[in-house]
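# Descriptive structure summary
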Amino acid sequence: MARRIRPSKARRARQRAAAERTARRDSLLVLLSRIQRGIPVTQAEASLLRAHVEVEVTDADAARAALGQQEAQHRQQLGAAHAAIREAEQAAADLGEQLLAYRAVEAQRQADADTYAGRLDALREQTGEALLAGAEEALRRATTVGQYLAAAHPDDIASGVRNDLALILDGRPAKYAPMEGQ
């Protein structure tokens, strides 16, 4: 069994007002057609005609006022919507510019990183070569000192070693070259 739902008070009031309006308009049409055909109206019909016209004029005025208010609200809402659209478009443009700036900074950062990475690789290579050359030079000097010590007489070792070590450590060739065959 389906339950019947009663209309709300506001809906019933709207329905009642619509029914009254329809009855009033029908009465107006009858009275106006009688006047148009030249049939005289009674005093009661004239009062009824006047009351119907006053109600219709009042309703029309109220409808126009409500429409004016709605139009004002719509204009205000439309203005606010246009302002919001302009703000959103400006924000989007600002974000677009900011994105371009970020991309430019990132591209520069990447280029700098690539340059620094290349420089770092070159530095590592140069450092490695320099370390290798330094190690080879240290080995050559150690070999020279070792050969000198092996070839030197015990009396000459103390003074010669001090002088030659000082020269070698300063990066100059040793005074006493290693002796071949010894």
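Each chain carries its own residue numbering, running from 1 in the written order of its sequence. For this predicted model, a pLDDT threshold of at least 70 governs which residues receive local features, and a threshold of 80 or more governs which side-chain atom pairs are given and counted, while totals over whole chains, interfaces and linings are taken from all residues. With hydrogens and water stripped out, all remaining heavy atoms of the structure feed into the side-chain values.

Think of it this way: any DSSP run of H or I at least four residues long counts as a helix, any run of E at least two long counts as a strand, and we number them from the N terminus. When helices and strands are tallied, the protein chain shows three helices and zero strands. When burial is assessed residue by residue, the protein chain has 10% of its 182 residues classed as buried. In what follows, residue pairs with any heavy atoms lying within 4.5 Å of each other are defined as contacts. Summarising the internal contacts of the protein chain: among those between residues at least 6 apart in sequence, 41% fall at separations of at least 24. Total accessible area on the protein chain is roughly 15,000 Å²; 59% of this is exposed by carbon and sulfur atoms. For each residue, the accessible area found with a 1.4 Å probe, counting protein chains only, is set against the maximum for its type, and the residue is called buried under 20%, exposed over 50%, and partly exposed in between. For accessible areas, the Shrake-Rupley method is used with a probe of radius 1.4 Å. Any residue's cover is judged against the shown protein chains and nothing else.

Two side chains with opposite charge may pair up if their charged atoms get near one another. A side-chain nitrogen of Lys or Arg and a carboxyl oxygen of Asp or Glu constitute a salt bridge if their distance falls within 4 Å. Summed over all chains, the structure comprises seven salt bridges. R24 serves as the salt-bridge partner of E56, at 2.9 Å between the closest nitrogen and oxygen. One end of the pair, E56, is in helix 2 (residues 43–151); the other, R24, is in helix 1 (residues 9–36), and 32 residues separate them in sequence. The two residues E56 and R24 agree in class, both being buried. For E106, the salt bridge is made with R109, and the minimal N-O distance between the two is 2.7 Å. Separated by three residues within a single helix, E106 and R109 lie in helix 2, roughly one turn from each other. Relative accessible area serves as the criterion here: at 37%, E106 is assigned to the partly exposed category. Among the charged side chains, a network of salt bridges with common partners joins R24, R25, E56 and D59.

This next bit is on the environment of V30. Counting through the fold element by element, V30 comes out in helix 1. Put simply, V30 and L49 are 19 residues apart on the chain and 10.0 Å apart in space, counted from C-alpha to C-alpha.

Turning our attention to helix 1. The span expected for a helix works out to 1.5 Å for each residue beyond the first. An ideal rise of 1.5 Å per residue puts 40 Å on 28 residues; helix 1 measures up with 40 Å between its terminal C-alpha atoms. Where helix 1 is concerned, the buried positions are R24, S27, L28, L31 and R34. Note on helix 1: the residue one or two positions beyond its end, G38, has a positive phi of about 90°.

Moving on to the side chain of R24. Given a relative accessible area of 10%, R24 falls into the buried group. By the criterion applied in these results, polar contacts are pairs of N or O atoms within 3.5 Å in which, for protein atoms, one can donate a hydrogen and the other can accept it, and in which residues neighboring in sequence qualify only through two side-chain atoms. Engagement of the side chain of R24 in a polar contact is seen with the side chain of E56, the distance being 2.9 Å. When residues no more than four places from it in sequence are discounted, the contact partners of R24 are H52, V55, E56 and D59.

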